[in-house]
Amino acid sequence: MDYLVKKNIIKKNKVIIDVGSKYIKLLGVHYANKKITITNAQKIDSSLFFNDNELVNVGELVRNIDRIMSKNKNVEISLSIPTSIVNSKIVSVKNKKVAELAKYIEREHTTFSKVSPLTHIIDYAYLGSREENGDSIHYCLVAAVSKNSVNLILDEFNKRKLKISTISYPIYDLVNLSELYHGDFENMNRLMIDFGVSGTRVVAFYEGVAVYVRDINIGVNTYLEKLFECQESLGKPEIFKLISAVGEMKILTMESLKKLFSSMNKEAYFNIVNEVSSQLAKDIFRIAEMCENNNAAITKIICGGFMIKGFDERLKQNGDMEVESFDLNLLENVSGRDFIVQLGNAHVDSTFNNAIGLAINTFM
Amino acid sequence: MQGNKKLNLLPMDVKNKYDNRYMIYVSSVVCSILALVLAVMYCNIGILNFSIKNLQNENAQYTSQQSKIEGLQKVIAENKKFIESYSNSNFPFYQFMNALESYRPYNLTIISVDSVDRLANEGEQEVKTEGETVEPTASPTPNKKDAEDTSKALPKLEYVKDLSDEKIVLRGYGESQEAISNYINSLSHLPYIADTQVSAIEQHKINEMDVNLFEVILIGKRGADFEN
């Protein structure tokens, strides 16, 4: 059906749901005339449904989604599940025909780490190809999720007669989002980073093709846990509020922010934030370095998601790379190869990036 | 991104369910289009059959009409043949009478048009009628006998069917001699008149008016002699 939408034969509405460990992001999307119009954007606090970054209360999560979608029950849903329940890797295949890839991947790459076709749903996406020393190298993203996890989610959605047509995950959403940078020929070697609450996803692009993915185990929760350990008297919600408002910015002007530090040692806060940010930046630069060692010097970093304030400045100071924060609200014309993304009346911040990537998936 | 293989972590049976549903949609659309096309074709065939039947009926009517027309054409051809043969072998009397009236000036009056032999017979009849009036006192019995004798003695009136090569006597009067001469001149130029002879032009008084009485003898021609 996506093919008909892509070829502008039919119009379609979809609901995109990105399940994160802090928020569930919902986008109402309308596809028509090769345009993706975001008609609605909503966030639900999902921290109650997660325990130690594990989705524990699926029923309650779906009930909340159902409450919001009560008027659009017949609309197809594209669901992005948390990275924590997905195992994935990028595989490179040399000198094979594209038509032969499916069989090759099924034979060679369906058993990795704890993944097995018996217990997992395994699928792959073709990412692209490039030429190297006369060889044609194809890249595919292989992902697997346990059947139990998916069936649990599907059962809850089916109970409420909500139709899921696609299940994706944040790394693949990032790959899709990169379609919006297809025309940035000066920065064909780039990193796309999705800062999440539980972790940070990095996708490295070489000559415009995603060649490497990494899930760094540092997210907003890392800051939160360390600050909470240091100052237990301050509750986690207050610390989260502090991280969101201050981040790494040492210049504080607002009285309300100053008040926040009345119960938190400012020096200790910045030390912890600096420590975590340094570790995260180090991991990111290590990926960039690895790319450089493979003759793919990264020239640009595109950041999205829940990035703490001032982290982009840290990336700029410590590297020679251009750093850009992706924000749909700041861009006038956002277009892929043969489609345009438009904002309707909805307001979307950078945490909706994965949902936007999943919305773009229909046109891929 | 080349190719179009996308990642979807839905279980295969659910994906197939969607694919099957779309296949059902597509096949139902295709089937309904086919059914529509067949229905349209069936309707077209019906319309064509109807028009073929109509054309066949019209053709049958046309054939019968054609045979009738052929019959009538034969009759017309026979009639034409007859008319042609008639007009070729006889004097065109109707045209002549028509010409007499159409060429006649307003101040000229025609008294009579007769063939010469008829005039001669009329003269004999008049003479006999005058003879009877001479002896009106004869007894009734011999009168019967006389009547029988008279009927035996009366010449039989015979009208010439064809006036070609015959003399036609035209009598009339006009106020001026010029009108009379113009009229005679016009008649003399008629194609079916072979010759014109003026017998007499005399001045008389009619209703105390001076008029010129005239008599002209016209000799008729056969149709075949002047046509072509």
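Keep in mind it's a predicted model, so treat the numbers as computed, not measured.

Calculation rules
- Numbers given for residues are sequential positions, taken from 1 along each chain in its written order.
- Whichever chain is written first becomes A and whichever ligand is written first becomes 1, with later ones labelled in order.
- Whole-chain, interface and lining totals are the exception, using all residues; otherwise, since this is a predicted model, local features are given only for residues with pLDDT of at least 70 and side-chain atom pairs are given and counted only at 80 or more.
- To get the side-chain values, take all heavy atoms of the structure and skip hydrogens and water.
- A run of H or I in DSSP counts as a helix once it spans at least four residues, and a run of E counts as a strand once it spans at least two, with each numbered from the N terminus.
- We call a residue buried when its accessible area falls under 20% of the maximum for its residue type, exposed when it is over 50%, and partly exposed in between, using a 1.4 Å probe and counting protein chains only.
- Between two residues, a contact is recorded if the distance between any of their heavy atoms is within 4.5 Å.
- Note on definitions: angles span 0 to 180 degrees between N-to-C directions of axes, and those axes are lines fitted to C-alpha atoms, for helices only across the stretch in contact.
- Should an angle lie under 35 degrees it is considered roughly parallel, over 145 roughly antiparallel, and from 65 to 115 roughly perpendicular; all remaining angles are considered oblique.
- Take the far helix as your reference; a near helix turned counterclockwise from it by less than a right angle gives a left-handed crossing, and one turned clockwise gives a right-handed crossing.
- Classification used: nonpolar for Ala, Val, Leu, Ile, Met, Phe, Trp, Tyr, Cys and Pro, charged for Asp, Glu, Lys and Arg, polar for all others including Gly.
- Here the quantity called buried area is the accessible surface, traced with a 1.4 Å probe, that two parts lose on coming together, added over both.
- Each salt bridge in this description consists of a side-chain nitrogen of Lys or Arg and a carboxyl oxygen of Asp or Glu lying within 4 Å of one another.
- Distance and chemistry together define a polar contact, namely a pair of N or O atoms within 3.5 Å, with one atom able to donate a hydrogen and the other to accept it when in protein, and with adjacent residues in sequence counting only for side-chain atoms on both sides.
- By definition, two strands form a pair when at least two bridges between them are found by DSSP.
- Aromatic rings from Phe, Tyr and Trp, taking only the six-membered ring of Trp, are treated as a pair when their centres fall within 6.5 Å; an angle between ring planes under 30 degrees marks them as stacked, one over 60 as edge-to-face, and anything in between as tilted.
- Only Lys NZ and Arg CZ are tested; either one counts as a charge over a ring when it is within 6 Å of the ring centre and within 35 degrees of the ring normal.

Looking only at helices and strands, one finds six helices and four strands in chain B. Overall, chain B shows an N-to-C arrangement of helices and strands of α-α-β-α-α-β-α-β-β-α. Counting all 228 residues of chain B, 21% fall into the buried class. A separation of at least 24 residues holds for 77% of the contacts in chain B among residues at least 6 apart in sequence.

In this section: the packing of helix α9 (residues 266-293) of chain A against helix α10 (residues 311-318) of chain A. All names here are of chain A. As a packed pair, α9 and α10 sit with axes 11 Å apart at the nearest point and diverge in direction by 50°. One finds that α9 runs oblique with respect to α10. Crossing handedness for the pair α9 and α10: right-handed. Each of Asn-274, Ser-277, Ser-278, Leu-280, Ala-281, Ile-284 and Phe-285 in α9 lies in contact with α10, whose residues at this interface are Phe-311, Arg-314, Leu-315 and Asn-318. Of the residues that constitute the contact of α9 with α10, the class distribution is six nonpolar, four polar and one charged.

If you look at the interface, chain A gives 35 residues, while chain B gives 16 residues. In this assembly, chain A packs against chain B so that about 2,200 Å² is buried in total across both faces, 59% of it on carbon and sulfur atoms. Considering only the surface of chain A that becomes buried against chain B, A:Met1, A:Asp123 and A:Tyr126 emerge as the three largest contributors, covering 25% of it. The interface formed by chain A and chain B holds two salt bridges in total. Counting across the chain A and chain B interface gives 11 residue pairs in polar contact (both at pLDDT 80 or more). For the side of chain A that touches chain B, the leading source of residues is strand β8 (residues 120-132) of chain A, giving eight residues.

The subject of this paragraph is helix α2 (residues 58-68) of chain A. Of all the residues in α2(A), the buried ones are A:Val58, A:Leu61, A:Val62, A:Asn64, A:Ile65 and A:Asp66. Lining the buried residues of α2(A) we find β1 (12-19), β2 (23-32), β3 (35-45), β5 (54-55) and α4 (147-159) of chain A.

Where charged atoms from two side chains of opposite charge approach closely, those side chains can pair. Residues and elements named next belong to chain A. Per the stated rule, a full pass over the model turns up 24 salt bridges over all chains. Here Lys-12 ties to Glu-76 by a salt bridge, and the two come within 2.9 Å at their closest N and O atoms. Placement of Lys-12 in strand β1 and of Glu-76 in strand β6 (residues 76-80) is noted, with a sequence separation of 64 residues between them. An identical accessibility class is assigned to Lys-12 and Glu-76; each is buried.

This paragraph deals with the sheet that holds β8(A). All names here are of chain A. Pairing is antiparallel across the open sheet formed by three strands, whose spatial order is β7-β9-β8. Bordering the open sheet on either side are β7 (86-94) and β8, each of which pairs with just one other strand. Shown here is a sheet whose adjacent strand axes are inclined to one another by a mean of 20°, direction ignored.

Turning our attention to the packing of aromatic side chains. All told, the structure shown has nine aromatic pairs over all chains when counted by the stated rule. On the basis of an interplanar angle of 40° and a centroid distance of 5.3 Å, the ring pair of A:Phe240 and A:Phe306 is categorised as tilted. One end of the pair, A:Phe240, is in helix α7 (residues 236-246); the other, A:Phe306, is in the loop between β14 (300-305) and α10, with 66 residues separating them in the sequence. When sorted by exposure, A:Phe240 lands in the same class as A:Phe306, which is buried. Among the aromatic residues, those joined into a ring-pair cluster are B:Phe91, B:Phe93, B:Phe96 and B:Tyr192. Between the NZ or CZ atom of A:Lys43 and the centre of the ring of A:Tyr23, over which it lies, the distance is 4.8 Å. Positioned above the aromatic ring of A:Phe205, the side-chain terminus of A:Arg190 is 5.4 Å from the ring centre.

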